[in-house]
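Here is what each chain is made of, one letter per residue.
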Amino acid sequence: MEAEVLSKNEELLKRALYRERQARFKAEDILEKKTKELYVVVEHLKKQITDRIEAEKVIKRNQAQMIQSEKMAGLGQLAAGVAHEINNPVGFVTSNLQTLKKYSLSIKKMISEYDSLVSSVQSKDIEKSVSFLTELAKTKEKEDIAYILDDLDNLVKESIDGTNRVKEIVKGLKSFARLDEAEMKEADINEGIESTLKIVWNEIKYKCEVIKKLSPLPMIVCFPGQLNQVFMNLIVNAAQAIQEKGTLTIESFVEKEDIVIRFTDTGSGIKPENLEKLFNPFFTTKAVGKGTGLGLSVSYGIIKKHKGDIFVESQVGVGTTFTIKLPMKGAAL
Amino acid sequence: MSYKMLCVDDEPGVLQSLKRLFRREGYEMFFAGNAHDALEILKKENIHLIMTDYRMPEMNGVEFLKKSIEIHPESLRLILSGYADAKVVCDAIDQGQVYRFLTKPWNDEELLESIRQCFEHIKIETERNSLLQQAKQEIKA
Ligand SMILES: Nc1ncnc2c1ncn2[C@@H]1O[C@H](COP(=O)(O)OP(=O)(O)OP(=O)(O)O)[C@@H](O)[C@H]1O
Ligand SMILES: [Mg+2]
């Protein structure tokens, strides 16, 4: 009887153990399943995050490219002018130096013959002296020494002018781009206008007369290089709007709390229906490859960043005025 | 007979340096600071070779060459320019019918050599024409 009870208990215990094991297996199973699910979710999340980071990178890169391509758009037009302006003086200065080298050979030749003459005179060798003298006269004729002496000063003067011009252009480019100034700093807007004019001068000199009415301005805190970019866009646009000959008037003055800069051209003017699209990115009426249509939209962005305003008035056949207002205070971001 | 060459550039410094460069080449040289003066010279002189800048006020090099063709279709035309984008070169070839497109800054020796080749070309062309003329006359006779 006792044994029977015992074995029955044992039986129960066994079953209980078995059940417990089954339950544990089941739990483990579920746990494993859940872990797997979790793993999948985590992986999915991870992928989402990296995708997002990638996407942000692409956006940032595109933005950078947009800004860069605008810089290129503006500067591309200028490259022609600047290349021309630099290649001309470099061309003639280099050529003049080559000529100078030839001149110097001729002069050296004469001097060496002159030295021979002197030494033969010193040694009182009359016959030799006479022959060297005739030789010298011949060489002077042959080498065209008279011409060389006549030309020498001009050659040097013109070459110095040429190198000075290159120097000026490079200086202008530097102060225009102000590449070292990615940060805000105090600057004189008039100075920015002047240095920008220097840079675009080639682009516009054949077409428009520039009238400057720049009143003295207080220094303001700004991104000078970016503002110059705006000025450049407006000046180049004005020149491009002028068919044959015209004028561009640039004014600057203080009005209440603002610095006002105004660009007035006697160009083609803008059709009323285009006025509202003007500041849209990629809006252009220029031929493919001529305009990107980014000039004004980027200018708008830059002026807004300075807490300023830019607006346009225009009449077809009469001309266009772009006005920029920059707050003297609070231009800082 | 000496060959006549006309250089056109709105940059006095360039004209002066070209004057120096070609001084002893034995060509008869003419210089003009703008297209208008250049056309005046073309009306008076039988110019064999015209070398012009591209970017000039009033009239650019291609426009000038177009007009020069009306006066002297047989001259050889060159452009010497500090800036050459594809469009300029195409225009020069299509409309200005240029023989060569040379760039600034130039190399003196290369420029001299190009010009010598141009005159060589002109010489051969002239000889060929006169031979042709001669042959035609002989056939007629
Ligand atoms: N001063 C102006 N006179 C007449 N039209 C203008 C003037 N400024 C701008 N526009 C018009 O506005 C359009 C947009 O100007 P925006 O500077 O944004 O681009 P774009 O000049 O066409 O190209 P990009 O600046 O890249 O060369 C121009 O195509 C032109 O039609
Ligand atoms: Mg523009």
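Each chain has its residues counted from 1, running along the sequence as written. Key to labels: chains lettered from A, ligands numbered from 1, both in the order written. The predicted origin of the model limits local features to residues at a pLDDT of at least 70 and limits the giving and counting of side-chain atom pairs to 80 or more, whereas totals for whole chains, interfaces and linings rest on all residues. For the side-chain quantities, the full set of heavy atoms in the structure was used; hydrogens and water were omitted.

Visitor: What's the story with the pattern of salt bridges in this structure? I'm lost.
Guide: Opposite charge on two side chains makes pairing possible when the charged atoms of those side chains draw close. By salt bridge we mean one thing: a side-chain nitrogen of Lys or Arg within 4 Å of a carboxyl oxygen of Asp or Glu. Under the counting rule described, the total for this entry stands at 22 salt bridges over all chains. Taking the shortest distance from any N to any O, the salt bridge between A:Arg165 and B:Glu11 comes out at 2.5 Å. Taken as a pair, A:Arg165 in helix 3 (residues 145-177) and B:Glu11 in the loop between strand 1 (4-8) and helix 1 (12-22) lie in two separate chains rather than in one. With relative accessibility at 11%, the residue B:Glu11 sits in the buried group. Within this structure, A:Asp151, A:Glu158 and B:Arg20 form a network of salt bridges that share partners. Think of it this way: any DSSP run of H or I at least four residues long counts as a helix, any run of E at least two long counts as a strand, and we number them from the N terminus. Type-normalised accessible area, obtained with a 1.4 Å probe on protein chains alone, sets the label of each residue: buried when under 20%, exposed when over 50%, and partly exposed for intermediate values.

Visitor: So what exactly am I meant to see when it comes to the interface of chain A and chain B here?
Guide: Interfaces are often described in size by the accessible area the parts lose on coming together. Only heavy atoms enter the contact rule, under which two residues are in contact if any of them lie within 4.5 Å. At the junction of the two partners, chain A supplies 28 residues and chain B supplies 23 residues. Applying the counting rule to chain A against chain B returns four salt bridges. Polar contact criterion, stated in full: a pair of N or O atoms within 3.5 Å, where within protein one must be able to donate a hydrogen and the other to accept it, and residues adjacent in sequence count only if both atoms are side-chain atoms. Joining chain A to chain B, the criterion identifies 11 residue pairs in polar contact (both at pLDDT 80 or more). With 15 residues, helix 1 (residues 2-122) of chain A is the single largest residue contributor to the side of chain A that touches chain B.

Visitor: Looking at this structure, I do not really get the pairing of strand 4 (residues 246-255) of chain A. What am I missing?
Guide: As a general feature of sheets, a regular strand has side chains that alternate between the two faces. Residues and elements named next belong to chain A. For strand 4, the tally of buried residues reaches seven of 10 residues, placing the bulk of the element in the interior. Strand pairing is assigned whenever DSSP detects at least two bridges linking the two strands. In this structure, strand 4 lies alongside strand 5 (residues 258-265), joined through eight bridges in antiparallel fashion. Bridge pairing links Thr249 to Thr264 in strand 5. Counting the residues between successive antiparallel strands, the hairpin from strand 4 to strand 5 contains two residues, one of them, Lys256, with a positive phi of roughly 55 degrees.

Visitor: Which parts of the structure should I look at to understand the sheet that holds strand 6 (residues 309-315) of chain A?
Guide: Either a parallel or an antiparallel arrangement is found when strands of a sheet pair, and the pairing is made through backbone hydrogen bonds. Residue and element names in this part refer to chain A. What the five strands build is an open sheet, ordered 2-4-5-7-6; its pairing is mixed. Only two strands of the sheet have a single partner each, and these edge strands are strand 2 (208-214) and strand 6. When the angles between neighbouring strand axes are averaged without regard to direction, this sheet yields 15 degrees. For helices, the fitted axis covers only the stretch in contact; all axes are lines through C-alpha atoms, and the angles between them, taken along N-to-C directions, range from 0 to 180 degrees.

Visitor: I'm lost on the confidence of the model for chain A in this one. Help?
Guide: When pLDDT drops low, the exact placement of atoms in the prediction is not to be read closely. Residues and elements named next belong to chain A. You can read pLDDT as the predictor saying how much it trusts each residue, on a scale of 0 to 100. On average, residues of chain A carry a pLDDT of 85, and 87% of them reach 70 or more. Of all helices and strands in chain A, the one with the weakest mean pLDDT is helix 1 (80), whereas strand 5 scores best (97). pLDDT under 50 marks residues 68-73. Its contacts with residues more than four places away, or in other chains, come to 10 contacts.

Visitor: How should the nonpolar core be read in this particular structure?
Guide: The nonpolar side chains of a soluble globular protein tend to be buried with one another. Remark: nonpolar core denotes a set of buried residues (Ala, Val, Leu, Ile, Met, Phe, Trp, Tyr, Cys) joined through side-chain atoms within 4.5 Å. Formed by 37 residues in total, the largest nonpolar core has its most connected members in A:Ile189, A:Ile261, A:Phe263 and A:Ile324. Look past the residues within four positions of A:Ile261 in its chain and what remains in contact with it is A:Ile189, A:Ile193, A:Phe231, A:Glu251, A:Ser252, A:Phe322, A:Thr323, A:Ile324 and A:Leu326. The next biggest cluster of nonpolar side chains, apart from the first, holds 25 residues, and it includes B:Met29, B:Leu112, B:Cys118 and B:Ile122.

Visitor: How should I be thinking about the environment of A:Gly269 in this particular structure?
Guide: All names here are of chain A. Its location among the elements puts Gly269 in the loop between strand 5 and helix 6 (272-275). Sequence separation of Gly269 and Ser314 is 45 residues, and the distance between their C-alpha atoms is 5.5 Å. Filtering out sequence-adjacent residues up to four positions away, Gly269 remains in contact with Ser314, Gln315, Val316, Gly317, Gly319 and Thr320.

Visitor: Explanation requested: the environment of A:Leu155 in the structure shown.
Guide: By the secondary structure assignment, A:Leu155 is in helix 3. Remark: the alpha-carbon pair of A:Leu155 and A:Asn96, spanning 59 residues in sequence, is separated by 6.5 Å. The residues contacting A:Leu155, other than those within four sequence positions of it, are A:Asn96, A:Thr99, A:Leu100, A:Tyr103 and B:Arg20.

Visitor: Looking at this structure, I do not really get the packing of aromatic side chains. What am I missing?
Guide: The geometry of an aromatic ring pair is captured by the separation of the ring centres together with the interplanar angle, meaning the angle of the planes. Only Phe, Tyr and Trp rings take part, Trp by its six-membered ring, and two of them pair if their centres are within 6.5 Å. Stacked means planes under 30 degrees apart, edge-to-face means over 60, and tilted covers everything else. Following the criterion strictly, the structure yields six aromatic pairs over all chains and no others. Taken together, a centroid distance of 6.0 Å and an interplanar angle of 35 degrees make the contact between A:Phe231 and A:Phe263 tilted. Separated by 32 residues along the polypeptide, A:Phe231 in helix 5 (residues 224-241) and A:Phe263 in strand 5 bring together distant segments of the chain. Judged by centre distance (6.4 Å) and plane angle (85 degrees), the ring pair of A:Phe279 and A:Phe322 falls under edge-to-face. One end of the pair, A:Phe279, is in the loop between helix 6 and helix 7 (295-305); the other, A:Phe322, is in strand 7 (residues 319-327), and 43 residues separate them in sequence. Given the relative accessible area of 18%, A:Phe279 is considered buried. Take A:Phe322: its relative accessible area is 7%, and that puts it in the buried class. Criterion for a charge above a ring: Arg CZ or Lys NZ at most 6 Å from the ring centre, at most 35 degrees from the ring normal. Lying across the ring of B:Phe31, B:Lys19 places its NZ or CZ 5.2 Å from the centre.

Visitor: Is there a simple way to think about the sheet that holds strand 5 (residues 100-103) of chain B in this case?
Guide: All names here are of chain B. Here we have five strands laid out as an open sheet, ordered 2-1-3-4-5, and parallel in their pairing. Two strands in the sheet have a free side with no partner beyond their single neighbour: strand 2 (28-32) and strand 5. Taken pair by pair, the neighbouring strands of this sheet meet at an average axis angle of 20 degrees, ignoring direction. Here strand 1 pairs with strand 2 via five bridges, running parallel. Bridge assignment links Leu6 to a residue of strand 2, and that residue is Phe30. Contacts from helix 5 (residues 108-140) reach strand 1, strand 3 (49-52), strand 4 (76-81) and strand 5, with the element oriented near 145 degrees to strand 3.

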